[in-house]
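Listed here are the chains, written in short residue letters.
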Amino acid sequence: MDVKIEEGWKSQLKDEFKKPYFTELVRFVKEEYSTKTIYPPSKLIFNAFNCTPFNEVKVVIVGQDPYHQPNQAHGLCFSVNDGVRIPPSLVNIYKEINLDLGTPIPTSGNLERWAKQGVLLLNATLTVSAGAAGSHQGKGWEQFTDSVINSLSANSDNLVFMLWGSYAQKKGATIDQSKHLVVKSVHPSPLSAHRGFFGNKHFSRANEYLISKGKSPIDW
């Protein structure tokens, strides 16, 4: 199956694309796009991988589902298009960066600038039906994105994995912590951010680690 994805990722994941579950997932997703409103736009399903080539990944942030309201999702977890109101979890991420690094809070929720510096913004599920959170869970995306995390863990060195909330932490349970920095906290959602997301200093810790390994830091 010829999946339109950055060549480094294609090389890493080529065996995954041949598996029966992935064939079935593609069939399901195509059917959904042909009969319903699905987010993100189909050409942006693999946007995170195309914005951040495999060999350029430095940091991995694990999200869960794409946003399911109009004009929000564009294939990068926590990110929204320019001109769209910044979602509450991203507001809290920006607040923590401001607390941690003293940088001003951006006016746009578009995180492509992070992706282009090597931050893989990976949702566990890459598609969703309009207005129906979680509607494409359990269809095969989770198996695919587990393989993404496993490939990064096994075939890269000195990455930073940011695991926010119990879902992301379970998903990252197999990461080799002898080769990578894994930082964990509660989710930045307004429901939990005050219980340990604020003050986690993940952004300065990530940059200190990258610099210690001879890599350039992220301009958060």
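Note that this is a predicted model, so its numbers are computed, not measured.

(A) How the structure looks around the side chain of Ser147. Its place among the elements puts Ser147 in helix H6 (residues 141-155). If we ignore the near neighbours within four places in the chain, the residues touching Ser147 are Leu13 and Glu16.

(B) Fine view of the packing of aromatic side chains. Under the criterion given, the structure shown has 18 aromatic pairs. Measuring from ring centre to ring centre gives 6.0 Å for Trp141 and Phe144, while their planes differ by 65°; the resulting arrangement is edge-to-face. Of this pair, Trp141 and Phe144 both sit in helix H6, three residues apart, roughly one helical turn. Neither residue differs from the other here; Trp141 and Phe144 are each classed as buried. Between Phe197 and Phe198 the ring centres are 6.2 Å apart and the planes differ by 70°, which places this aromatic pair in the edge-to-face class. Residue Phe197 is classed as buried on the basis of its relative accessible area, which comes to 0%. By way of ring pairs, the aromatic residues Trp9, Phe17, Tyr21, Phe22, Phe46, Phe49, Phe54, Trp141 and Phe144 are connected into one cluster.

(C) Focus on helix H8 (residues 202-212). For H8, the complete set of buried residues consists of His202, Phe203, Ser204, Ala206, Asn207, Tyr209 and Leu210. On its buried face, H8 is in contact with strand S2 (59-63), helix H4 (88-101), strand S5 (160-164) and strand S6 (181-185). Of the residues one or two after H8, Gly214 is the one with positive phi, at around 80°.

(D) Up close: the pattern of salt bridges. All told, the structure shown has seven salt bridges when counted by the stated rule. The shortest N-O distance in the salt bridge between Glu32 and Lys36 comes to 3.0 Å.

(E) A look at the sheet that holds strand S3 (residues 119-123). If you walk across this open sheet you meet the four strands as S3-S2-S5-S6, and the pairing is parallel. Each end of this open sheet is capped by a strand with a single partner; those strands are S3 and S6. Neighbour-to-neighbour, the strand axes of this sheet turn through a mean angle of 20°, independent of strand direction. Pairing between S5 and S6: five bridges, direction parallel. Bridging across to S6, Phe161 finds its partner in Val182.

(F) Fine view of the side chain of Asn200. Inspection of the secondary structure puts Asn200 in the loop between S6 and H8. Of note is the side chain of Asn200, whose polar atom sits 3.2 Å from the side chain of Ser185. When residues no more than four places from it in sequence are discounted, the contact partners of Asn200 are Glu96, Trp164, Ser185 and Arg205.

(G) Molecular detail of helix H2 (residues 20-35). The end-to-end C-alpha distance of H2, which contains 16 residues, comes to 23 Å, matching closely the 22 Å that a straight helix rising 1.5 Å per residue would cover. Here H2 has its buried residues at Tyr21, Phe22, Leu25, Val26, Phe28, Val29 and Glu32. End-on, the buried residues of H2 take up no more than an arc of 165°, which puts them together on one face. Along H2, exposed side chains directed more than 90 degrees from the buried face belong to Pro20, Lys30, Ser34 and Thr35.

(H) Layout of the packing of H2 against H6. Contact geometry of H2 with H6 gives a least axis separation of 9 Å together with a crossing angle of 125°. When the axis of H2 is compared with that of H6, the two are oblique. In the packing of H2 onto H6, the handedness of the crossing is left-handed. Along the contact surface, H2 presents Tyr21, Phe22, Leu25 and Val29, while H6 presents Trp141, Gln143 and Phe144.

(I) Geometry of the nonpolar core. Counting 67 residues, the largest nonpolar core has Ile61, Phe144 and Trp220 as its most contacted members. Looking at this core element by element, the count peaks at six residues for H2. Not counting residues up to four positions away in its chain, the partners in contact with Phe144 are Leu13, Glu16, Phe17, Tyr21, Phe22, Phe46, Phe49 and Leu126.

(J) Expanded view of unusual backbone geometry. A cis amide bond links Tyr39 to the next residue, Pro40, at an omega of -5°. Relative to the helices and strands, Pro40 is located in the loop between strand S1 (38-39) and helix H3 (47-51). Positioned with a positive phi, Asn71 is a non-glycine residue whose angle comes to about 70°. Looking at the element boundaries, Asn71 is found in the loop between S2 and H4. In this model, Lys201 sits at a positive phi of 55°, which is unusual for a non-glycine residue.

Cut-offs applied
- Throughout, a residue's number is its position along its own chain's written sequence, starting from 1.
- Predicted model: local features are reported for residues with pLDDT of at least 70 only, side-chain atom pairs are reported and counted for 80 or more only, and whole-chain, interface and lining totals are derived from all residues.
- Derived side-chain values reflect all non-hydrogen atoms in the structure, with water molecules and hydrogen atoms excluded from consideration.
- Secondary structure is summarised from DSSP: a helix means a run of H or I of at least four residues, a strand means a run of E of at least two, and numbering begins at the N terminus for each.
- Contacts are assigned to residue pairs that have any heavy atoms within 4.5 Å of one another.
- Stacked, tilted and edge-to-face are the three classes applied to pairs of Phe, Tyr and Trp rings, where Trp contributes its six-membered ring and a pair requires centres within 6.5 Å; stacked means planes under 30 degrees apart, edge-to-face means over 60, and tilted covers the rest.
- Three exposure classes are used, based on accessible area relative to the maximum for each residue type with a 1.4 Å probe and protein chains only: buried under 20%, partly exposed in between, and exposed over 50%.
- Only one rule defines a salt bridge in this text: a Lys or Arg side-chain nitrogen within 4 Å of an Asp or Glu carboxyl oxygen.
- In short, DSSP must find at least two bridges between two strands for them to pair.
- Orientation is described by lines fitted to C-alpha atoms, with helices fitted over the stretch in contact, and by angles between N-to-C directions that extend from 0 to 180 degrees.
- Here a polar contact means two N or O atoms within 3.5 Å. Within protein one must be a hydrogen donor candidate and the other an acceptor candidate, and residues neighboring in sequence count only if both atoms are side-chain atoms.
- Take the residue count of a helix, subtract one, and multiply by 1.5 Å to get its expected span.
- The directions from the helix axis to the C-beta atoms are what the arc is built from.
- Angles below 35 degrees are treated as roughly parallel, those above 145 as roughly antiparallel, those between 65 and 115 as roughly perpendicular, and all remaining angles as oblique.
- The crossing is said to be left-handed when, going from far helix to near helix, the turn is anticlockwise and less than a right angle, and right-handed when the turn is clockwise.
- The nonpolar core is taken to be a set of buried Ala, Val, Leu, Ile, Met, Phe, Trp, Tyr and Cys residues, with the residues joined through side-chain atoms within 4.5 Å.

These figures come from the coordinates and say nothing about function on their own.
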